[in-house]
Amino acid sequence: MDRGATEGTLLIELGGRTVEYRFERRRRRTLGITVDAHGLRVAAPLRAAWRDIEGFLRDKERWILRKLDEWARLPRGTQLRGESGEIVPVFGVPQVLELRHGRKHVDGRAGRIVITLGRRSRPADALVAWLKQQALQAFRPRVAHYAAELGLQPPRVSLSNARTQWGVCTEDGTIRLCWRLVHLDAALTDYVIAHEVAHLVEMNHSRRFWALLARLYPDWRAARGRLELAAATLPILKGQR
């Protein structure tokens, strides 16, 4: 471990293996680790000592290596180029992409996403724009639904391009959701939405927060596990942002 680093990509020897991980310091009270499709991430309090961080990772060595191996065995998302015949999941339902030439238009119907464009246009750009539109139209009423469950007015909802964070509730009460959630079934997007709406009341991950989330979405533990697995198989659109 680079003891002079404050954040970035670091290395540590665990179980005879060199493990790369992303490290950052945050305003938090405890050390936290995450293993997902992007690898190992470590978040530490601002004043945490390196010896404590290293000791924590070694205590979790077997768990970390097991989870890394599990993720390595999972299939990866298909890379899409925006070509006819490709399969694009929309809210968990596979849709066949069909390209046509003509006046710019995108339409989803009968198990197909029909993209009509001029010959010099990029189908992938049109597809992403359409997916974002579908996402926002679907997410806003669900956010309003969960906010109403807590007696709150619907907050502002926007989309993000984040690759490692599904959603965030900002200090001004705006909920930002990753547009790639549009690929997942509604039960999983609802979990993310309920999670962020709960942050409108509890801007932390205290016991009060988890109790509030359980009130909004009782099966949140199972959904969180399914979401982690689904993240590894999301399609990758060439050149997407």
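Throughout what follows, the structure given in this document is the object of discussion.

Rules behind the numbers
Residues numbered from 1 in each chain as written. Predicted model: local features only at pLDDT ≥ 70, side-chain atom pairs only at ≥ 80, totals over all residues. Heavy atoms only, no water. Buried < 20%, exposed > 50% of the residue type's maximum accessible area, 1.4 Å probe, protein only. Helix = DSSP H or I, 4+ residues; strand = E, 2+ residues; numbered from the N terminus. Salt bridge = Lys/Arg side-chain N within 4 Å of Asp/Glu carboxyl O. Axes fitted to C-alpha atoms, helices over the stretch in contact; angles between N-to-C directions. Parallel < 35°, antiparallel > 145°, perpendicular 65-115°, else oblique. Left-handed = near helix turned anticlockwise from the far one by under 90°. Contact = heavy atoms within 4.5 Å. Nonpolar A, V, L, I, M, F, W, Y, C, P; charged D, E, K, R; others polar. Pairing = 2+ DSSP bridges. Polar contact = N/O pair within 3.5 Å; in protein donor to acceptor, adjacent residues only side chain to side chain. Core = buried A, V, L, I, M, F, W, Y, C linked by side-chain atoms within 4.5 Å.

## Looking at unusual backbone geometry
One non-glycine residue, Phe91, lies in the positive phi region at around 50°. We classify Phe91 as partly exposed; its relative accessible area is 27%. Here Ala110, not a glycine, exhibits a phi torsion of approximately 50°, which is positive. Mapped onto the elements, Ala110 comes out in the loop between β8 (105–109) and β9 (112–117).

## Concerning the pattern of salt bridges
Here the structure, examined in full by the defined rule, presents 13 salt bridges. Note that Arg142 is salt-bridged to Asp190, the shortest N-O span being 2.7 Å. Placement of Arg142 in helix α3 (residues 123–149) and of Asp190 in helix α4 (residues 186–198) is noted, with a sequence separation of 48 residues between them. A relative accessible area of 30% places Arg142 in the partly exposed class. Look at Asp190 and you get buried, because its relative accessible area is 11%. Between Glu202 and Arg208 there is a salt bridge, with its nearest N and O atoms 3.2 Å apart. For Glu202, a relative accessible area of 13% puts it in the buried group.

## Looking at the packing of α4 against helix α6 (residues 220–231)
Running from amino to carboxyl end, α4 crosses α6 at an angle of 110°, the nearest separation of the two axes being 9 Å. Considering the angle they form, α4 stands roughly perpendicular to α6. Relative to α6, the crossing made by α4 is left-handed. Contact residues: α4 offers Ala187, Leu188, Tyr191 and Val192, while α6 offers Trp220, Ala223, Arg224, Arg226, Leu227 and Ala230. Among the residues forming the contact of α4 with α6, the class breakdown is eight nonpolar, no polar and two charged.

## Considerations on the pairing of strand β1 (residues 8–14)
With seven bridges joining them, β1 and strand β2 (residues 17–26) adopt antiparallel strand pairing. Pairing of Leu10 across the sheet is with Tyr21, part of β2. Between the end of β1 and the start of β2, which pair antiparallel, lie two residues, with Gly15 showing a positive phi angle near 60°.

## Some remarks on the sheet that holds strand β3 (residues 32–36)
Pairing in this open sheet of four strands is mixed, and the strands run β1-β2-β4-β3 from one edge to the other. The open sheet terminates on both sides in strands that have one partner only, identified here as β1 and β3. Taken pair by pair, the neighbouring strands of this sheet meet at an average axis angle of 30°, ignoring direction. Here six bridges tie β2 to strand β4 (residues 39–45), and the two strands are oriented parallel to one another. In the strand pairing of β4, Arg26 is matched with Pro45. Relative to the sheet, helix α1 (residues 50–59) contacts β1, β2, β3 and β4, its axis offset from that of β1 by approximately 55°. Helix α2 (residues 61–73) contacts β1, β2, β3 and β4 of the sheet and is inclined by roughly 25° relative to β3.

## Remarks on the environment of His205
Mapped onto the elements of the fold, His205 is located in the loop between α4 and α5 (207–216). Once the C-alpha coordinates of His205 and Arg156 are considered, the two residues, 49 residues apart in sequence, prove to be 22 Å apart. One polar contact links His205 to His195, side chain to side chain, over a distance of 3.2 Å.

## Remarks on the nonpolar core
With 45 residues, the main nonpolar core has Ile113, Leu127, Leu131 and Leu177 as its most contacted residues. Of all elements in the fold, only β6 (87–90), β9, α3, β12 (175–178), α4, α5 and α6 reach the threshold of two or more residues within this core. The element that contributes the greatest number of residues to this core is α3, accounting for 10 residues. Among residues more than four places away in sequence, those in contact with Leu177 are Phe139, Val143, Val157, Ser158, Leu159, Ser160, Trp166, Gly167, Val192, Ile193 and Glu196. Counting residues in hydrophobic clusters, the runner-up holds 20 residues, among them Ile12, Leu14, Val19 and Ala48.

## Focus on the environment of Ala48
Mapping Ala48 onto the fold places it in the loop between β4 and α1. Between the alpha carbons of Ala48 and Leu31 there is a distance of 8.2 Å; along the sequence they are 17 residues apart. Those residues in contact with Ala48 that sit more than four places away from it in its chain are Arg25 and Ile53.

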